[in-house]
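Remarks on the overall topology
So the chains spell out like this:
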Amino acid sequence: MDEAWINRYRKQLVRSISPQFLEEIICYLRRLDLLTAEEAEQAQEASSLPEQVRTVVDLLAGKGSYASQSLQTFIETTNSQLYLHITVYEPMVQKHLESLQSYYGNGLETGPLQRLTNLLLVEGLTDVQQKEHDILQIEATKGLQNVSKSIPLEKLFLPLSKVSIPPRISVTIGVAGIGKSTLVKLFVYTWAKGEINRDIIFVLPLTFRELNTYEKLSAEKLICSAFPHITEPNCISAGAARTLLILDGLDEFKTPLDFSNTVVCTDPKKEIQVDNLITNIIRGNLLQEASVWVTSRPAAASQIPGGLVDRMTEIRGFGAAEMKDFLDQMFLDNKDLSGQVLHHIRANRSLHVLCTIPGFCWICGSSIGYYLKHSTDQPQETTGVPKTLSEIYSYYFKMALSSDWPEKPRETLRIEQAVNSKKIVGSLGRLAFYGLLKKRYVFYEHDMKAYGIDLSLLQSSLCSQLLLKEEMQSFTAYCFSHLTLQEFLAAIYYYTAAKRAIFDLFTESGMSWPKLGFLNHFKNAVQRSLQAEDRQLDIFVRFLSGLLSPQVNKLLSGWLLVKDEYNSFRSQAIGFLQGCLNTDYAISSRAVNTMHCLHEIQHTEVAKVVEEAMKNESLAGMLTPVNCSALAYLLQVSDVCMEETNLSNCLTYNVCKSLLSQLLFCHNLRLDNNQFKDNVMELLGSMLSVKDCHIQRLSLAENQISNKGAKALARSLLVNRSLTALDLRNNSIGPAGAKALADALKQNQVLLSLNLQHNAIKEEGATFLAEALLTNHSLTTLHLQKNAIGAHGARRIAEALKQNCSLKELILSSNSVGDNGSVALAEALKVNHSLQSLDLQSNSISSAGVTALTEALCSNKGLINLNLRENSISKEGGPAIAHALRTNSTLRKLDLAANLLYDEGGKAIALAMKENRVLKSLHLQWNFIQANAAAALAQALQSNSSLASLDLQENAIGDKGMAALSTALKFNTTLAHLHLQVASIGMAGAQALAEALMVNNSLQILDLRGNSIGVAGAKAMANALKVNRSLRWLNHISLAGAF
């Protein structure tokens, strides 16, 4: 050991020491008095971790050999792996870092990649992700991921808690074009710069397209072949250096992974089949100590058994702001065009959803931008902005042919270029089609030659926009710029070949029964798509259908299509597609895709009829199988369903069953008044229980649900992670149903709102729900009106409220709570300061009950809204209410309508309002209040500066009371709503009010219906309205633009 050690390994120390280990080093050096407190503080205050380490190293370097030896000894004895890394592996590591920084830093812009720095933690793959095409996944979920926690990129391979361990196998999923490879590139480059995961010594990024070029490999040869500078692969295979192996693009691997028949191999030097090598690494038979990160499209990720995956994450798509930024970057020199493109995308819900995928957003944005730039030049060419997938991709190909890209000027196309382009598209189309059938998405030079593709022509501008080329040391790989481009090219090839083919084109060898005529080939493609379990032909048949549309023919005729040739096939193709919908089977995504095909072919009549019925809420009786398919399609694409999907009063058991797979993704679903019985609740319960469920609000009001149906829903609440609001108003779940839901609430911590109005749950049901409130910490709204819970039920809920701190709104109206129940609730309000709204309407509460409640209000600091309408509060209750109003500082709305306050009670409340500075709304309707109380209230309004709404309707205040209020209105500047219906106001009162309106600038809503103001009174009001500029509504009639 000598002083040179600390200088020799200065760079390695700065790069390798983690924050936690640095703290240990500083503590150790402080104990040895090799660092003073000031020096330790100086190091810790450095701007970044590397600077902190550098400060410590510099300080020690100036303190002689003992300091250097002490640091060396401490690292060697406490962190032998780090010591080995610093002293033995570092030259190898340094070369590795330089290699990665050079390769992965090239062209990587970190600005637009902020979206990738936070991934979504997911609990395995959903059914939709395992079974559906990527585009169908995005359409079904409307581009929105289910509720998930996020994890920052720098914590992707760290434990989630102090008691857990780092994940060994991590899988990140994302649809085609979402940015999986870009994510890997970002991670590797950021790690190589030393900014994240400094505890990982080696990051080894590999792609499955590289692995496709090998037949056999050993674990060590895998490392050496990809990273020749790693001369000691045993340090990785033996676990001496912490390693992260990245396997990018499982969906591009040529051989499916078969974990059930894996041949076990534990020898890192033994060469085995590459697919066996990968399964052994994932199983932990090889590279046991290494962490493994696999990226994949969702369906391909299902090859890895869930039990082997320690952490699964998902890349989220664009949000609204990110989509705008992306388009702004595309059209950097033309922000106006960028704005127009975004406007058109947002106007088309289907395209807008798909544009959450960056790869698709580029294609869509480019196409719409091209259209907008040239629509004025050639107005006869098209009838409108591209709306269908086929139109988008047709414009993209036109743009590719003319080299008119957003980022560079248009090139003039020569005749020989056009001929070559047509030839290239034909050859690439054949490659694309048969690649699609074989699930091949990456191609190599031998594939190109096998399909007669001239490699020299791949340098053209057209090919540069259709194909991505990746050159490695030992191979050159090609893939289409986006999966959908491969599918569109495949459709063009099939469309062109089907017109002359005499054998089944799906059999590449040509050996099949004769199949003549385009329509036979079209039907064959559609049928194969409908029968395919993996759904990988769905977008292909959409494009194939779209090539029969007049719009696409107009765009591509003279180049790829013959002008107007679609006329011979279109009507029969439409008939065949509609025939595919005439089944009694459940409406699956197959039927939805067939509707998409009809949309692409520009046959939208069925969808328009159903959409119009949805708007008018007249679907009842018209949901045939075809219309059900159209409805399922509209649930995804129609603006009618954007805020709320209202399927009330139109569904039967069978129709509901057929639509289940589509209802899953409706965020706000109303199924009221469908006469649903318990058997439908079994269906809905199963739907709510699956991972795919995105339903957040579900209304089942006014059906025929009993306790059995409630139990089915309750079972789903035990596992559901999306539902936040459940409305079961006006059913018959009874005490047993309430118990089932209450038991579910003890475990469910997602549901925020539960409405059980008019369900006959009685005292027993209220008791069960009270028990749930003791442990539930998520429910904020509970509606229990009209359930006959009585005083006993109210007392049980009150006891729960003393402990519950999450409930914000409680409705107990029409429940015979009485004074006893009110007293119990009042006691709860003295300690509960989280409840904000309490509704006790129609509960036979008299003076005793209101006295207890108002006494509680004097100390309560949380209640904002109290409804005591339609009780038996007499004039004796007025002073108690007044006392509360003088003391309470939180109550904003008080409803005392339909009680027995009379003038005495009204006057007491009015006097309190002179002092109250927080109440915004006061309802005193139908309280036998007359002129004296009205005058007292008027006097209060002259000084009160908080009250915004006053309801005195159905009180005989007369002209005298109105005159007093009118005087107050001349001075008051806060009252905005004044309700005086049926208040015995005559001509004189109206004239006084009119005079006040001449000067009042705050009143916005005034209601005088049911009074006898006469012609003179009306005339006075009319004259006042010519001057008044604040009033917006009079007698429930809008005054906007009236004067």
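Coordinates for the structure precede this section.
Residues numbered from 1 in each chain as written. Predicted model: local features only at pLDDT ≥ 70, side-chain atom pairs only at ≥ 80, totals over all residues. Heavy atoms only, no water.

Things to note about the overall build of the protein chain
- Assigned secondary structure in the protein chain consists of 45 helices and 28 strands.
- Taking the principal axes of the C-alpha coordinates as reference, the protein chain spans close to 100 × 90 × 60 Å.
- Expressed as a percentage of the 1043 residues in the protein chain, the buried residues total 58%.
- Of the accessible surface of the protein chain, which amounts to about 42,300 Å², a share of 51% is contributed by carbon and sulfur atoms.
- Distance from the positive charge centre (98 side chains) to the negative charge centre (98 side chains) of the protein chain: 3 Å. (Helix = DSSP H or I, 4+ residues; strand = E, 2+ residues; numbered from the N terminus. Buried < 20%, exposed > 50% of the residue type's maximum accessible area, 1.4 Å probe, protein only. Areas by Shrake-Rupley, 256 points an atom, 1.4 Å probe, with all protein chains shown as cover. Lys, Arg positive; Asp, Glu negative; His and termini not counted. Charge placed at Lys NZ, Arg CZ, Asp CG, Glu CD.)

A short note on the nonpolar core
- Formed by 330 residues in total, the largest nonpolar core has its most connected members in Phe-187, Phe-540, Leu-980 and Leu-1006.
- Among the elements that take part in this core, helix α24 (residues 483–498) stands out by supplying 12 residues, more than any other.
- Those residues in contact with Phe-540 that lie beyond four places of it in its chain are Phe-433, Leu-436, Glu-487, Ala-490, Ala-491, Tyr-494, Phe-506 and Ala-525.
- In terms of nonpolar packing, the next biggest core, distinct from the first, is built from 30 residues, Ile-6, Leu-60, Ala-61 and Ile-75 among them. (Core = buried A, V, L, I, M, F, W, Y, C linked by side-chain atoms within 4.5 Å. Contact = heavy atoms within 4.5 Å.)

Here we look at the state of the cysteines
- All chains considered together, the criterion is met by zero disulfides.
- Cysteine Cys-650 remains unbridged, with the sulfur of Cys-628 as its closest cysteine sulfur at 9.2 Å. (Disulfide = S-S within 2.5 Å.)

Looking at the pairing of strand β9 (residues 311–314)
- Every second residue of β9 is oriented toward a common face, with Arg-311 and Thr-313 on one face and Met-312 and Glu-314 on the other, all of them buried.
- As defined by bridge partners, strand β1 (residues 118–122) adjoins β9 across three bridges and the pair is classed as antiparallel. Counted as the bridge partner of Val-122 is Met-312 from β9.
- In terms of strand pairing, strand β3 (residues 169–173) meets β9 through four bridges, oriented parallel. By the bridge assignment for β9, Val-171 is matched with Met-312. (Pairing = 2+ DSSP bridges.)

Considerations on the side chain of Asn-720
- Along the chain, the position of Asn-720 falls in the loop between α34 (707–717) and β16 (725–727).
- With relative accessibility at 2%, the residue Asn-720 sits in the buried group.
- Separated by 2.8 Å, the side chain of Asn-720 and the backbone oxygen of Leu-688 make a polar contact.
- A distance of 2.7 Å separates the side chain of Asn-720 from the backbone nitrogen of Leu-723, its partner in a polar contact.
- Not counting residues up to four positions away in its chain, the partners in contact with Asn-720 are Leu-688, Cys-693, Asn-748 and Val-750. (Polar contact = N/O pair within 3.5 Å; in protein donor to acceptor, adjacent residues only side chain to side chain.)

A closer look at helix α38 (residues 818–831)
- In this model α38 runs 21 Å from its N-terminal to its C-terminal C-alpha over 14 residues, within 8% of the 20 Å that 1.5 Å per residue would give.
- Residues of α38 that are buried sit in contact with α37 (790–801), β20 (837–839) and α39 (847–857). (Expected span 1.5 Å × (residues − 1).)

Section: unusual backbone geometry
- For Ala-760, which is not glycine, the phi dihedral falls at a positive 55°.
- Checked against the element boundaries, Ala-760 lands in the loop between β17 (753–755) and α36 (762–775).
- One non-glycine residue, Lys-762, lies in the positive phi region at around 60°.

Some details on a nonpolar patch on the surface
- Taken together, the side chains of Leu-900, Tyr-902, Trp-926 and Phe-928 make up a nonpolar region of the molecular surface, amounting to roughly 390 Å² of accessible area.
- Mapped onto the elements of the fold, Tyr-902 is located in helix α41 (residues 902–913). (Patch = residues over 30% accessible without salt bridge, like charges linked within 9 Å, V, L, I, M, F, W, Y side chains within 5 Å. Salt bridge = Lys/Arg side-chain N within 4 Å of Asp/Glu carboxyl O.)

Concerning the pattern of salt bridges
- In the structure shown here, the tally under the stated rule is 35 salt bridges.
- Measuring nitrogen to oxygen at the nearest pair gives 2.6 Å for the salt bridge that ties Arg-209 to Glu-252. Of this pair, Arg-209 sits in helix α11 (residues 208–211) while Glu-252 sits in the loop between β6 (243–248) and β7 (272–273); the two residues are 43 residues apart in sequence, bridging distant segments of the chain.
- Classification of Arg-209 as buried rests on a relative accessible area of 13%.
- The buried category is assigned to Glu-252, whose relative accessible area is 18%.
- Across the pair Glu-771 and Lys-746 runs a salt bridge, and its minimum N-O distance is 3.8 Å. Within this pair, whereas Glu-771 is found in helix α36, its partner Lys-746 is found in the loop between α35 (734–745) and β17, the two being separated by 25 residues in sequence.
- Exposure remark for Lys-746: the relative accessible area of 34% places this residue in the partly exposed category.
- Taken together, the shared-partner salt bridges in this structure form one network comprising Lys-739, Asp-743, Lys-746 and Glu-771.

As for the sheet that holds β6
- Within the open sheet, the seven strands sit side by side as β2-β1-β9-β3-β8-β6-β4. Their pairing is mixed. The strands lining the two open edges of the sheet, one partner per strand, are β2 (149–152) and β4 (202–207). Averaged over all adjacent pairs, the angle separating strand axes in this sheet is 30°, with direction ignored. (Axes fitted to C-alpha atoms, helices over the stretch in contact; angles between N-to-C directions.)

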